[in-house]
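Chain by chain, the residues:
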Amino acid sequence: GIQVEQSPPDLILQEGANSTLRCNFSDSVNNLQWFHQNPWGQLINLFYIPSGTKQNGRLSATTVATERYSLLYISSSQTTDSGVYFCAVIKAAGNKLTFGGGTRVLVKP
Amino acid sequence: NAGVMQNPRHLVRRRGQEARLRCSPMKGHSHVYWYRQLPEEGLKFMVYLQKENIIDESGMPKERFSAEFPKEGPSILRIQQVVRGDSAAYFCASSLDRKTNEKLFFGSGTQLSVL
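Rules used throughout
- Residues numbered from 1 in each chain as written.
- Chains lettered and ligands numbered in written order.
- Predicted model: local features only at pLDDT ≥ 70, side-chain atom pairs only at ≥ 80, totals over all residues.
- Heavy atoms only, no water.
- Helix = DSSP H or I, 4+ residues; strand = E, 2+ residues; numbered from the N terminus.
- Pairing = 2+ DSSP bridges.
- Axes fitted to C-alpha atoms, helices over the stretch in contact; angles between N-to-C directions.
- Salt bridge = Lys/Arg side-chain N within 4 Å of Asp/Glu carboxyl O.
- Buried < 20%, exposed > 50% of the residue type's maximum accessible area, 1.4 Å probe, protein only.
- Disulfide = S-S within 2.5 Å.
- Contact = heavy atoms within 4.5 Å.
- Buried area = accessible area lost by both parts, 1.4 Å probe.
- Polar contact = N/O pair within 3.5 Å; in protein donor to acceptor, adjacent residues only side chain to side chain.

Asker: Please provide a residue-by-residue account of unusual backbone geometry, values included.
Answerer: The omega angle of the peptide bond from Ser7 of chain A to Pro8 of chain A is -10°, so this bond is cis rather than trans. Mapped onto the elements, Pro8 of chain A comes out in the loop between β1 (4–7) and β2 (10–14). A cis amide bond, omega 0°, links Asn7 of chain B with the succeeding residue Pro8 of chain B. Position of Pro8 of chain B among the secondary structure elements: in the loop between β1 (5–7) and β2 (10–13).

As structure tokens, then:
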């Protein structure tokens, strides 16, 4: 099956800092989503971004499908950004989301 | 429009008991996916169902686990004779259609603890 690798596995930030999370995938995809799992376990869909760039407030994401990677940018981080960020993909002709291992983010005040 | 509803939020079972996890998809959604998350790990696909049909169960353990999505009512993930290794968070997601260019919406999960 398709492999999804996220880096870094852990990230500690000072409030106000910027950061970039990376997601590499091993095969062609036609669906890529970024999720935030908050400390209470809830999964929030941040972006549906199989290609191109999108922005939502302090978060933005870019997917370069031809090079099989996606980036999630967090700017001016806040303590509420803490949690685990997951990248998930559906490979071309597939029917299920495959998740990466996540990046655990801790934003310190 | 309520989101994906899962219950119970927490479920405690002793070894050998049965666990039943329920998932009501978003209104109008006929496709349901179940995922399992072990502590400190990502989500692993278990099964994909459409109303009354199992489309893909490639992630389901061969024994003790079953899933259904009846014409009426919620989707049920059933685990028989639970063991400690079944302790995990179980998430359900739903989508409107089978198109791959769609967002999946997740419920808040059921945390299963096996004593």
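Asker: Could you give me a rundown of the sheet that holds β1 of chain B, with the residues and numbers involved?
Answerer: Residues and elements named next belong to chain B. Spatially, the four strands line up as an open sheet ordered β1-β3-β8-β7, and their pairing is antiparallel. Looking along the sheet, the strands with just one partner apiece sit at the ends: β1 and β7 (65–68). If you compare each strand with its neighbour and ignore which way they point, the axes differ by 15° on average. Across three bridges, β1 lies against strand β3 (residues 19–24) in antiparallel orientation. Bridging from a neighbouring strand, Met5 pairs with Ser24 of β3.

Asker: Any details on the pattern of salt bridges? Residues and values, ideally.
Answerer: All told, the structure shown has five salt bridges over all chains when counted by the stated rule. Among the ionic pairs, Arg58 of chain A bridges to Asp81 of chain A, the shortest N-O distance being 2.8 Å. Separated by 23 residues along the polypeptide, Arg58 of chain A in the loop between β6 (52–56) and β7 (59–64) and Asp81 of chain A in the loop between β8 (69–74) and β9 (83–91) bring together distant segments of the chain. For Asp81 of chain A, a relative accessible area of 7% translates into the label buried. Salt bridges linked by common partners bring Glu18, Arg20 and Arg78 of chain B together as one network.

Asker: Can you lay out the state of the cysteines for me, pointing to particular residues and giving the numbers?
Answerer: Working definition of a disulfide: a covalent bond connecting the sulfur atoms of two cysteines. Residues and elements named next belong to chain A. Summed over the entire model, instances satisfying the criterion amount to two disulfides over all chains. Here Cys23 is linked by a disulfide to Cys87, with a sulfur-sulfur distance of 2.0 Å. Negative torsions about the S-S bond denote left-handed disulfides, and the value of about -55° found for Cys23 with Cys87 makes this one left-handed. Residue Cys23 is located in strand β3 (residues 19–25), and its partner Cys87 is located in strand β9; the two are separated by 64 residues in the primary sequence.

Asker: Just give me the short version of the interface of chain B and chain A, but keep the residues and values in it.
Answerer: Residue-level contacts link 22 residues of chain B with 21 residues of chain A. Here chain B meets chain A over a buried area of about 1,700 Å², counting both sides, of which 51% is carbon and sulfur. Where chain B touches chain A, the interface holds one salt bridge. Of the charged contacts in the structure, one is a salt bridge between Lys96 of chain A and Asp56 of chain B, with a shortest N-O distance of 3.1 Å. Linking chain B with chain A are six residue pairs in polar contact (both at pLDDT 80 or more), by the criterion used here.

Asker: Quick one: what's the story with the pairing of strand β11 (residues 110–114) of chain B, residue by residue and with numbers?
Answerer: Residue and element names in this part refer to chain B. Going residue by residue along β11, you find Thr110, Leu112 and Val114 tucked away on one face and Gln111 and Ser113 left uncovered on the opposite face. As defined by bridge partners, β2 adjoins β11 across four bridges and the pair is classed as parallel. Looking at the pairing, His10 lines up with Gln111 of β11. Sheet topology note: the strand β9 (residues 88–95)/β11 ladder contains three bridges and is antiparallel. Note that in β11 the partner of Ala89 across the bridge is Gln111.

Asker: Report on the environment of Lys44 of chain B, specifying residues and quantitative values.
Answerer: Residue and element names in this part refer to chain B. With respect to the secondary-structure elements, Lys44 resides in strand β5 (residues 43–50). The exposure class of Lys44 is partly exposed, given its relative accessible area of 49%. What Lys44 contacts, discounting residues up to four positions off in sequence, is Trp34, Tyr35 and Arg36.

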